[in-house]
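# Working through the structure, step by step
Residue-level listing of the chains:
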Amino acid sequence: MRASRMNLWTLREDPAEAEIASHRLLTRAGYLHKSGAGLYLYGPLLHRVIGKIQAIVSQEIDRTGALQVTMPILQEQAVWERSGRWATYQASRTMLTVKDRNDQVFGLAPTAEEVVTDYAGAVVKSYKQLPVTFYQQHTKFRDEIRPRFGLMRVKEFIMMDAYSFHATAESLDQTYEAMRVAYHRLFARMGLQAFAVEADSGAIGGSGSHEFMVAAAIGEDTILYHPESGYGANRERARGGIPAAPAWATAPAACTKVLTPKVGAIDEVMGFLTANGFAGVQAAHGLKCVLFVAGGQDDKGKPLTATVAAFTRGDREVNEVKLTNAVTRLMFPVLNLRPMHPDEVRAATGAEPGFAGPGAGLKVEVCLIEEQLKGVGPLVAGANETDHHLVGFVIERDAGVAYQWADLTSAAAGDACPLSGKPLMERRGIEVGHIFKLGTKYSASMQCVFTGADGKLHPFIMGCYGIGSSRVAAAAVEQHHDADGLRWPMSIAPYQVVVVPAGKPDDAAVNGAAEQIHKDLLAAGIEAILDDRDAKPGVKFKDWDLVGIPLRIVCGRGIANGLVEFKPRGGTVAEIPVAEAAPRAIAAVREALAALDAAADAVR
Ligand code: ATP
Ligand code: MG
């Protein structure tokens, strides 16, 4: 490839709206063009990078025995109604919809469980065809609330989505494990350090799930983990042992109602109590209450609501994902949770906001209390009476409403690791992939069945697996860049080697040597660029550092002595004989690729 024909387009300045390295550098180096708000055109260089990412993904997913297909992006409302998810996705406004000329409404694929389950129902009839996995690499649309960070969170992106079908739970476990290994292998081949953490199953639903994360300070996910025990989980899901609060009193025989005028927030209440005879009491001795209305729908689309009170320790936060899951288990699939309006709070507690407690007088349909508060006390709870709290509250003794224990609290750094008991640590990550055990959620609701060995019809047991191929490109940049620009791992670089003639424009010896090296590289199957542009060497070097080509060969003054410069991106310059330039670069490319393959082979 000749640089003069590449339509290279680099910017000296960072684009104003780019907050993170990948967005900034991909734009500056000409990979990414903003084509509208949150809409991007992948330029020729990015097209090559994403093509390589997709090729590696396909090779590794193929190794699991999965079959690649292409599903429509335009998906009929009817197929989504069969699973009941049309309503869910409309309620959360995640799905973009379009109308055709006959006013028929279609969804633009945010994911494809419905379409693929319908397909399996049509083409898989017998247990003898199972297990089978179908996958694609195709465009997805999601009407994200906050598209940002360039390719990281967009309304239109490329996803590898795979769906496995099984006759037994053991068979699903095997494919899930094969996918886990395939994911680790494919990220290793891309030179990406990714790790798996336990995840919430979210709107897709199901029983078990893991997310693959790339560690990055700008990551939108918070991960709690312990390096020795191997425990890792997204904060939405993590279970951390809450450290015990210092004792402040022994439980009295009964709790007392205390006038706490005009103090509602936990810290104010504790400050007031401390100043009024309850020395040593602190936020961790309080019961924090959040009051919500959960919304959902019945089978016929009729709205359902439930009033919910959730309690956790005063110094901690209720985790809305856990709360949603808990209410879903007890009541109906929760589509949204909204805080109660002040009037609803008054109706539920008989008091102004700020005085809710699980004692007498609380009127809600669901009352949940953090399970780690079992046997903990005495506590301070709202009295369901304006300006009053109950001090010396013991949940098991004093609750005045039917309640359930639940895992409700967001884990925090310092909580006890569920595996080792040691303090959990926290870091940020970018979710690049996700694997789920779905069970029969879709096949049962959509009545997609196969004939089992027993001659009876059974719904498929399913798994699903996603990788954001375009987000992976951005994550790779977050992990591989420096002050000068991108530093692509060899396997996903748009080109592997650039040969730069750096003499006078008409220096035949320099130009001839560069042409020959370029030719030799191409002949060996190396993706090489010859920088034949009419530009100063300094400008060329800056461009290639920014674009992030892994190896650079410079033919300059040294040619007179038979020497050229060989430089890995970010490494040091070596002067080598001109005849060694191509062989050395060819070997370096192959070694780099082999090292990445070896890292994949080391995955267990
Ligand atoms: P997130 O929590 O980041 O919104 P998700 O959990 O909704 O993602 P999945 O449904 O698990 O995403 O989709 C599989 C993969 O698709 C994700 O792991 C991610 O890599 C990618 N992905 C999801 N949403 C986007 C988006 N808006 N832009 C780019 N990639 C995305
Ligand atoms: Mg996910």
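Since we're looking at a predicted model, the values are computed, not measured.

With that settled, consider the site of ligand 1. Around ligand 1, the structure places 14 residues, and the nearest of them are Arg 142, Glu 144, Arg 153, Val 154 and Glu 431. The contact in question runs from an oxygen atom of ligand 1 to an N or O atom on the backbone of Gly 433, over 3.4 Å. Contact with the protein chains hides 86% of the accessible area of ligand 1, taken as 580 Å² for the molecule alone. Tallying contributions element by element places strand E21 (residues 425–439) first for the shell around ligand 1, with four residues. Each residue belonging to the shell around ligand 1 can be placed in one class, and the counts come to six nonpolar, three polar and five charged.

The magnesium ion (ligand 2) binds to the protein through Glu 431 (OE) and His 434 (ND1); the donor distances cover 2.2 to 2.4 Å. A residue is classified by how much of its surface remains accessible, and His 434, at 10% relative accessible area, is buried.

One can find Gly 556 in the loop between strand E29 (551–555) and strand E30 (563–568). Given a relative accessible area of 13%, Gly 556 falls into the buried group. When the C-alpha positions of Gly 556 and Lys 504 are compared, they lie 8.9 Å apart, and in sequence the two are 52 residues distant. Setting aside chain neighbours within four positions, we find Gly 556 in contact with Ala 502 and Val 510.

Now for the nonpolar core. Within the largest apolar cluster, 64 residues are counted, with the highest numbers of intra-cluster contacts made by Tyr 31, Ile 61, Tyr 183, Phe 187, Met 190, Trp 488 and Trp 544. Sort the elements by how many residues they give to this core and helix H2 (residues 44–63) lands first, with eight residues. Mapped onto the domain boundaries, this core takes at least three residues apiece from domain 1 (19–73 + 109–239 + 426–478) and domain 3 (495–601). Setting aside anything within four residues of it in sequence, one finds Phe 187 in contact with Leu 192, Ala 194, Phe 212, Val 432, Ile 467 and Val 472. Counting 25 residues, the second-largest nonpolar core is a separate cluster that includes Trp 86, Phe 134, Phe 450 and Met 462.

The general pattern is negative phi for most residues beyond glycine and trans for most peptide bonds. The residue after Leu 130, namely Pro 131, is reached through a cis peptide bond having omega 0°. Position of Pro 131 among the secondary structure elements: in the loop between helix H5 (113–123) and strand E7 (132–141). The backbone phi angle of Asn 384 is positive, close to 55°, even though this residue is not glycine. Relative to the helices and strands, Asn 384 is located in the loop between strand E18 (379–382) and strand E19 (388–393). Here Gln 447, not a glycine, exhibits a phi torsion of approximately 55°, which is positive. One can find Gln 447 in the loop between helix H11 (441–445) and strand E22 (449–451).

A few words now on the domain arrangement of the protein chain. By the assigned domains, the protein chain splits into domain 1 (19–73 + 109–239 + 426–478), domain 2 (256–406) and domain 3 (495–601). The gap between the C-alpha centroids of domain 2 and domain 3 is 66 Å.

Moving on: helix H1 (residues 21–28). Among the eight residues that make up H1, seven are buried, leaving the element largely enclosed by the rest of the structure. Residues Ala 21, Ser 22, His 23, Leu 25, Leu 26, Thr 27 and Arg 28 constitute the buried set of H1. Those residues of H1 that are buried lie in contact with strand E1 (32–36), strand E2 (39–42), helix H12 (469–479), strand E25 (481–482), strand E26 (485–486) and helix H14 (537–547). Positive backbone phi, at 80°, marks Gly 30, one or two positions downstream of H1.

Criteria and cut-off values
Residues numbered from 1 in each chain as written. Chains lettered and ligands numbered in written order. Predicted model: local features only at pLDDT ≥ 70, side-chain atom pairs only at ≥ 80, totals over all residues. Heavy atoms only, no water. Near = heavy atom within 4 Å. Polar contact = N/O pair within 3.5 Å; in protein donor to acceptor, adjacent residues only side chain to side chain. Areas by Shrake-Rupley, 256 points an atom, 1.4 Å probe, with all protein chains shown as cover. Helix = DSSP H or I, 4+ residues; strand = E, 2+ residues; numbered from the N terminus. Nonpolar A, V, L, I, M, F, W, Y, C, P; charged D, E, K, R; others polar. Donors = N, O, S within 2.8 Å, 3.2 Å for Na, K, Ca; no water. Buried < 20%, exposed > 50% of the residue type's maximum accessible area, 1.4 Å probe, protein only. Contact = heavy atoms within 4.5 Å. Core = buried A, V, L, I, M, F, W, Y, C linked by side-chain atoms within 4.5 Å. Domains from an automatic or database assignment.

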